[in-house]
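The chain contents come next:
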Amino acid sequence: MVFNQLGIHKVIPRPLLLALAFTPGLALAGEVNVTGEGKVSYTPDSIRLQFTARAENPDAQAATRAVKTTIAQWEDNVSAYRNQLDDYDSAALNLYTQRLPPQKDGDKPQTQSVAAQSVSFTLSALDSLNPVLQAAQDAGMEYHVGEGNFFHSNEKSLEREALGKAIDDAKAQCQFIAKRLNQSCGEVKSLSTSYGGRPVPMMMAEARGKSGPVTAVGDREVTVTVNATFELD
């Protein structure tokens with residue numbers, strides 16, 4: 001039983017009642033929600049690196065001299081590639097004292113001076129990566145190389161490309177559904193995006209001071225998902 005706004009009983013024909021009962025909620029709402037996905041594969045073309053010179057000695061001055069010698073050796077070793085190291089930064093030398101546990105009961109605790117200095121930079125010429133790593137190893141620098149060090153110099157453009165593909169996918173889904181319902185895909189009522197990525201394992205060495213060469217840099221994938229609600233006309 002249905003009443004109109006004046007409270008007067010209004011009779012709806014039985015065929016119409018059946019039609020309303022069995023019409024999908026999608027059509028009743030006049031909207032459709034779809035999820036579009038866009039993917040772009042790429043190979044990193046740059047790397048961020050940090051090398052550290054470290055020395056320990058009971059004599060603070062001796063530890064400091066050792067670090068300065070290592071840094072000078074590094075600078076000399078890498079001189080042929082120095083113009084390829086972008087955003088080069090050499091931190092100030094850090095000197096601190098650490099307390100060593102006694103070797104046996106009754107011994108007095110000993111102290112050790114630790115000196116450290118790091119250099120950091122980005123390298124866009126990946127064909128020079130192994131020679132640069134070798135220069136660091138020969139100087140006795142400590143470092144770590146993993147998949148997180150690698151990146152693409154134009155990742156924002158890759159994300160926009162994936163976003164465009166996700167939007168196109170969502171729109172195509174809406175048009176397909178609307179056509180099946182003998183309707184048309186209208187305006188966007190709401191839209192949200194989420195970004196993700198998946199690195200492919202790399203054939204390379206993770207290093208701290210000593211390592212073999214990097215043999216390959218794996219491809220990566222940037223993924224954008226779009227959740228969109230369209231009107232159905």
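The rules behind these values
- Residues numbered from 1 in each chain as written.
- Predicted model: local features only at pLDDT ≥ 70, side-chain atom pairs only at ≥ 80, totals over all residues.
- Heavy atoms only, no water.
- Helix = DSSP H or I, 4+ residues; strand = E, 2+ residues; numbered from the N terminus.
- Buried < 20%, exposed > 50% of the residue type's maximum accessible area, 1.4 Å probe, protein only.
- Contact = heavy atoms within 4.5 Å.
- Areas by Shrake-Rupley, 256 points an atom, 1.4 Å probe, with all protein chains shown as cover.
- Disulfide = S-S within 2.5 Å.
- Phe/Tyr/Trp six-rings, centres within 6.5 Å; stacked < 30°, edge-to-face > 60°.
- Lys NZ or Arg CZ within 6 Å of the ring centre and 35° of its normal.
- Axes fitted to C-alpha atoms, helices over the stretch in contact; angles between N-to-C directions.
- Parallel < 35°, antiparallel > 145°, perpendicular 65-115°, else oblique.
- Left-handed = near helix turned anticlockwise from the far one by under 90°.
- Nonpolar A, V, L, I, M, F, W, Y, C, P; charged D, E, K, R; others polar.
- Core = buried A, V, L, I, M, F, W, Y, C linked by side-chain atoms within 4.5 Å.
- Expected span 1.5 Å × (residues − 1).
- Salt bridge = Lys/Arg side-chain N within 4 Å of Asp/Glu carboxyl O.

Student: Please clarify how the overall build of the chain should be interpreted in this entry.
Tutor: Along the chain, the regular secondary structure elements total 5 helices and 10 strands. Within the chain, the fraction of its 233 residues that count as buried is 32%. If you take every contact in the chain between residues at least 6 apart in sequence, the share linking residues at least 24 apart comes to 79%. Of the roughly 14400 Å² of accessible surface on the chain, a fraction of 50% belongs to carbon and sulfur atoms.

Student: So what exactly am I meant to see when it comes to the state of the cysteines here?
Tutor: As used here, a disulfide is simply a covalent bond connecting the sulfur atoms of two cysteines. Tallied over the entire structure, the rule returns 1 disulfide. Two residues, C174 and C185, share a disulfide whose sulfurs are 1.9 Å apart. Taking the torsion about the sulfur-sulfur bond, which here is approximately 110 degrees, the covalent link between C174 and C185 counts as right-handed. Here the residue C174 occupies a position in helix α5 (residues 155-180), and C185 occupies one in strand β9 (residues 185-199), the gap between them amounting to 11 residues. In this structure C185 comes out as partly exposed when scored by relative accessible area, which is 24%.

Student: Is there a simple way to explain the environment of R160 in this structure?
Tutor: Mapped onto the secondary structure, R160 falls in helix α5. Between the alpha carbons of R160 and V222 there is a distance of 9.9 Å; along the sequence they are 62 residues apart.

Student: Before we go on, may I ask you to explain the packing of aromatic side chains in this structure?
Tutor: Scanning the model with the defined rule gives 5 aromatic pairs in all. Ring geometry for Y88 versus F121: centroids 5.9 Å apart, planes at 15 degrees, classification stacked. Within this pair, whereas Y88 is found in strand β5 (residues 85-90), its partner F121 is found in strand β7 (residues 110-123), the two being separated by 33 residues in sequence. No difference in accessibility class separates Y88 from F121, as the two residues are buried. Through pairs of rings, three or more aromatic residues link up here, namely F51, W74, Y88, F121 and Y143. Sitting over the face of the ring of F151, R48 holds its NZ or CZ atom 3.8 Å from the ring centroid. The ring of Y88 carries the charged tip of R82 above its face, separated from the ring centre by 3.7 Å.

Student: What's the story with the packing of helix α3 (residues 60-77) against helix α4 (residues 129-139) in this structure? I'm lost.
Tutor: In a packed pair of helices, the relevant descriptors are the angle between the two axes and the axis-to-axis distance. Two elements in contact, α3 and α4, have axes separated by 8 Å at closest approach and are oriented at 150 degrees. On the basis of their axis angle, the class for α3 and α4 is roughly antiparallel. The handedness of the crossing between α3 and α4 comes out as right-handed. On α4, the residues touching T70, Q73, W74 and N77 of α3 are V132, A135, A136, D138 and A139. A class-by-class count of the residues in the contact of α3 with α4 yields 5 nonpolar, 3 polar and 1 charged.

Student: Whenever I open this one, the nonpolar core confuses me. Can you help?
Tutor: Note that soluble globular proteins tend to have their nonpolar side chains buried in a common cluster. Formed by 27 residues in total, the largest nonpolar core has its most connected members in F51, W74 and M141. Looking at this core, the elements that each hand over two or more residues are β4 (46-57), α3, β5, β7 and α4. The biggest single contributor to this core is α4, with 6 residues. Beyond its immediate chain neighbours, meaning those up to four positions away, F51 contacts W74, Q117, S118, V119, F121, V132, L133, A136, M141, E142 and Y143. Counting residues in hydrophobic clusters, the runner-up holds 16 residues, among them V32, V40, A228 and F230.

Student: What is the right way to read α5 from this model?
Tutor: Because the α-helix completes a turn every 3.6 residues, residues three or four places apart line up on one side. With 26 residues, α5 should cover 38 Å at 1.5 Å per step; its first-to-last C-alpha distance of 38 Å lies within 8% of that length. Of all the positions in α5, only L158, A162, A166, A170, C174 and A178 are classed as buried. Positioned one or two residues after α5, N182 has a phi angle of 60 degrees, which is positive.

Student: Would you mind showing me how to read the pattern of salt bridges here?
Tutor: Charged atoms that come close allow side chains of opposite charge to pair. Using the criterion set out here, one finds 5 salt bridges in the structure. The salt bridge involving E159 is made with K156; its shortest N-O contact spans 3.9 Å. Of the two residues, E159 and K156 are both situated in helix α5; the distance of 3 residues between them amounts to about one turn of the helix. Residue classification places E159 among the partly exposed positions, given a relative accessible area of 25%. As a salt-bridge pair, K189 and E231 come within 3.4 Å of each other at their nearest N and O atoms. Here K189 is found in strand β9, whereas its partner E231 is found in strand β10 (residues 220-232), with 42 residues between them in sequence.

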